[in-house]
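As a plain string of letters, each chain reads:
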Amino acid sequence: MEKKMSSTNTNTVIRMGNRKLLKQVFERCDCCPNIDFEHSPLFVLLETYAAIPPSKSGKLIHALQDILFVASKADNLSKVIETALECNYCLPPDFDTFKKRYDKAMYLYLNCKDVWDRALLFMTTDALYAHSWYHGIYLPKITPDLSDEARHKLEDNCAAHFWQTQHRGDSCEIKYVQRFNGVHYFYVYLNNYPEIVDTWEASGETGKKTMVRREESFSFNVVFAYNQNLGRLDTSCKGGLKHAKQLEKEFCEKILGYELKETEIVKKVYEIDQLKYRKNQLKPNLRLGVKRARILAMELRYKFMKNKRDKKYVGTDEPDSAIYDAIDREYNCRNVHLNLLKTGWVRVELTILHDNAEHKLLLELRPGQCKFSSENEILRYIGEEYLKEACIDVQPELF
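Everything in this summary refers to the structure shown in the same document. Predicted, not measured: the structure shown is a model, and the values here were computed from it. (Residues numbered from 1 in each chain as written. Predicted model: local features only at pLDDT ≥ 70, side-chain atom pairs only at ≥ 80, totals over all residues. Heavy atoms only, no water.)

## Topic: the side chain of Asn-221
Okay, step 1: Summarising the element assignment, Asn-221 is placed in the loop between β5 (209–217) and β6 (222–227).
Okay, step 2: What makes Asn-221 buried here is its relative accessible area of 15%.
Okay, step 3: There is a polar contact of 3.3 Å between the side chain of Asn-221 and the backbone nitrogen of Leu-190. (Helix = DSSP H or I, 4+ residues; strand = E, 2+ residues; numbered from the N terminus. Buried < 20%, exposed > 50% of the residue type's maximum accessible area, 1.4 Å probe, protein only. Polar contact = N/O pair within 3.5 Å; in protein donor to acceptor, adjacent residues only side chain to side chain.)

Here it is, written out as structure tokens:
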């Protein structure tokens, strides 16, 4: 899942939001500071918010994080409104009186909680990292068993799997939701799959701050997405292919009544083998701000010789086509056709223009994995979009 935003980020909601709505959000989250929300200066609100003890502010911080996530982009807010309309929820006339996205987001949070939770669940699912998805399991078009009995059996088997392999998650709950596109979603929640968070809290007697370690559970750990019309199963989970194999077998057995063969489980997110051919040399994408794109390194493996592989590297000051010049020199003289080779991994350098500055982003691509050299979310997003438009990211549009 996405990284959680700090309470500093959520200050934006306090700065930008309607004071009356903001007060209601605080009250909904059982935080009722004794101040005048409507007339107090901004710095008083921010100081009051910062002074709420972490043991009491968790619910409020999560609510403000969700509001910030929805309001930060017009597209996110539109998705919540679309979900409301899909649920046949009629937005009241006073909704249009709010002009700011932050006010509209807070209004939806306060007055359409079921719609809000549903929209946030799917938006979070859509934002899961690509490398955690295992795609393309095509099965017979079977109607899933949505009974409590079948779901409880899957819960028991998922809990047993995680307890045996990772010694955690001894209890499990699965939530079922069907999206309006007809896809069946099964969200797997584990009871003790915690994230440790260090916080500093002031002692009531001395006022001295001490470090307190708290465990916060992730929202969900595994997602099964089954499209009955296509007979297609997609799974998001961490831990690698071996976990996906077992979890998908359990899902097929308990929910679909189908015995999944191991050969049907695949994971191929990135199509990199095409990059060994000069005709597929990477090109700039000015719409995304990618000024230059080139391959700096590539590993080529012989298809019929398991342990034989070659690695090609070029310097950053060489032409964009240098990697192909190196491949031609190596294999033409040895009379080795490229069809006899497959690409193991590729290292790509993107030169991106953003905020009137030039940035370098390195990507290391393998068939089932992509590593970025930067943690900057904007640069990573541009990199992901570039891979899609260059037809390297070949995972189908699930959502």
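Now that the structure has been shown, we can carry on.
## Some remarks on the packing of aromatic side chains
Okay, step 1: In the structure shown here, the tally under the stated rule is 11 aromatic pairs.
Okay, step 2: For the pair Phe-186 and Phe-251, a centre-to-centre distance of 5.2 Å together with 75° between the ring planes defines the contact as edge-to-face. A residue pair is termed long-range when its members are at least 10 positions apart, and Phe-186 in strand β3 (residues 184–190) and Phe-251 in helix α9 (residues 241–256) qualify at 65 residues.
Okay, step 3: Every member of this aromatic cluster is reached through a ring pair, and the members are Tyr-176, Phe-186, Phe-224 and Phe-251.
Okay, step 4: One residue, Arg-28, lies across the ring of Tyr-109, its end atom 5.7 Å from the ring centre.
Okay, step 5: For Lys-73, the ring lying beneath its charged end belongs to Tyr-381, and the centroid distance is 5.7 Å. (Phe/Tyr/Trp six-rings, centres within 6.5 Å; stacked < 30°, edge-to-face > 60°. Lys NZ or Arg CZ within 6 Å of the ring centre and 35° of its normal.)

## Digging into unusual backbone geometry
Okay, step 1: Of note in this structure, Asp-355 is not a glycine but carries a positive phi near 55°.
Okay, step 2: Looking at the element boundaries, Asp-355 is found in the loop between β10 (341–354) and β11 (357–366).
Okay, step 3: Phi is positive for Cys-391, close to 60°, though the residue is something other than glycine.
Okay, step 4: Within the fold, Cys-391 resides in the segment after α11 (377–389).

## Structural notes on the nonpolar core
Okay, step 1: In this structure, Phe-26, Leu-60, Ile-67 and Trp-116 are the most contacted members of the largest nonpolar core, which totals 40 residues.
Okay, step 2: Sorting the residues of this core by element identifies α1 (7–16), α2 (19–28), α3 (42–51), α4 (54–71), α5 (74–86), α6 (101–111) and α7 (113–126) as the ones contributing at least two each.
Okay, step 3: Here this core takes nine residues from α4, the largest share from any one element.
Okay, step 4: Residues within four places of Ile-67 in sequence aside, it is in contact with Val-13, Val-25, Tyr-102, Ala-105, Met-106, Tyr-109 and Trp-116.
Okay, step 5: Core analysis: the next-biggest nonpolar cluster, separate from the first, contains 35 residues, Val-290, Val-348, Cys-370 and Tyr-386 among them. (Core = buried A, V, L, I, M, F, W, Y, C linked by side-chain atoms within 4.5 Å. Contact = heavy atoms within 4.5 Å.)

## Thoughts on the sheet that holds strand β9 (residues 309–313)
Okay, step 1: Pairing within the open sheet is antiparallel, and its five strands lie in the order β9-β8-β10-β11-β12. Looking at which strands have only one partner, the edges of the open sheet turn out to be β9 and β12 (369–372). Across this sheet, the average inter-strand angle for adjacent strands is 20°, counted without regard to direction.
Okay, step 2: Alignment of β10 against β11, held across nine bridges, turns out to be antiparallel. What sits directly across from Val-346, in β11, is Leu-365.
Okay, step 3: Set on the sheet, α11 makes contact with β8 (290–302), β10, β11 and β12; between it and β11 the angle comes to about 55°. (Pairing = 2+ DSSP bridges. Axes fitted to C-alpha atoms, helices over the stretch in contact; angles between N-to-C directions.)

## Thoughts on the pairing of β10
Okay, step 1: Burial analysis of β10 places 10 of its 14 residues in the buried class, which makes it a mostly covered element.
Okay, step 2: Connecting the antiparallel pair β10 and β11 is a turn made up of two residues, with Asp-355 showing a positive phi of about 55°.

## A few points about α9
Okay, step 1: Here α9 contains 16 residues, and its C-alpha end-to-end distance of 21 Å stays within 8% of the 22 Å for a straight helix at 1.5 Å per residue.
Okay, step 2: For α9, every residue scored as buried is listed here: His-243, Ala-244, Leu-247, Glu-248, Glu-250, Phe-251, Cys-252, Lys-254, Ile-255 and Leu-256.
Okay, step 3: Following α9 by one or two positions, Gly-257 has its phi on the positive side, about 65°. (Expected span 1.5 Å × (residues − 1).)

## Quick look at the environment of Ala-105
Okay, step 1: Mapped onto the elements, Ala-105 comes out in helix α6.
Okay, step 2: Setting aside its immediate chain neighbours within four residues, Ala-105 contacts Ile-67, Val-70, Ala-71, Leu-77 and Trp-116.

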